[in-house]
Each structure stands twice: as structure tokens, then as C-alpha cells.
Amino acid sequence: MPKGYWIAHVTVTDPDQYQHYATATRAAFQKYGANILARGGAYEQMEGQGRPRNVVIEFPSLQAARDCYNSPEYQEAKAKRAAAGIAEIVLVEGV
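Residues numbered from 1 in each chain as written. Predicted model: local features only at pLDDT ≥ 70, side-chain atom pairs only at ≥ 80, totals over all residues. Heavy atoms only, no water.

A.B. asks: So, the layout of surface pockets: which residues are in play, and what are the values?
C.D. replies: Estimates place the volume of the largest pocket at around 260 Å³. Lining the largest pocket are 18 residues; nearest its centre among them are Tyr21, Ala22, Thr25, Phe29 and Arg39. Among the secondary structure elements, those contributing two or more residues to the lining of the largest pocket are strand 1 (4-12), helix 1 (15-31), strand 2 (35-39), strand 3 (53-59) and helix 3 (72-81). Top element by residues in the lining of the largest pocket is helix 1. It accounts for seven residues. Taken together, the residues of the lining of the largest pocket sort by class into twelve nonpolar, two polar and four charged. (1 Å grid on protein atoms, 1.4 Å probe; cavity = no way out; pocket = protein on both sides within 12 Å on 5 of 7 lines; lining within 4 Å. Points joined across faces, edges and corners; volume = space filled by probe spheres on them. Helix = DSSP H or I, 4+ residues; strand = E, 2+ residues; numbered from the N terminus. Nonpolar A, V, L, I, M, F, W, Y, C, P; charged D, E, K, R; others polar.)

Encoded structure:
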């Protein structure tokens, strides 16, 4: 079964509040088998409009990625992010 991925592009507007979000995601990520492959760090925007924070998270499957995103644990964390920045998140099935 192909793995699933979250790809997120984020602009953090309140770093202190964003840290609360990051801490709150741990329970959901652990529950659904998330493996963080990239989080922040150096990047090069080659095309299109970018954001300063880029995140790639691997899950055992696309369904696990979807279940994590829709879980009560993640939705609680997401509420903390609303006041901390702007995010674009896409779920992608691996090959």
C-alpha cells in the first residue's frame, strides 16, 4: 500500500502561539504513525508563491494521513494554529 503524505506551506505570524500548536500535534501524529521528513529548514522557492515554513510528513497510508487530519486530536491542535499563522495543507498519495 502506498504511503500518504502531508505537504504543508506555512507563514507563522505568532511564533509563541505556533509552538502551542506544534506541541499539541504530537498526540495525533504519534497515534497515526506520522514520520516528519521536513519541518522548517532551508528551502529554495523555484516556482509559484511560497511560504517561509515547509513541512512534509509521511504516514503509513493516505487513509492514515486523512484520519490524522480529521481526528479530534489534530482538530484541537489546528484550533491553536488558527491564531498563529496561515497554512496550506495538501494530502498526497505516494507511489
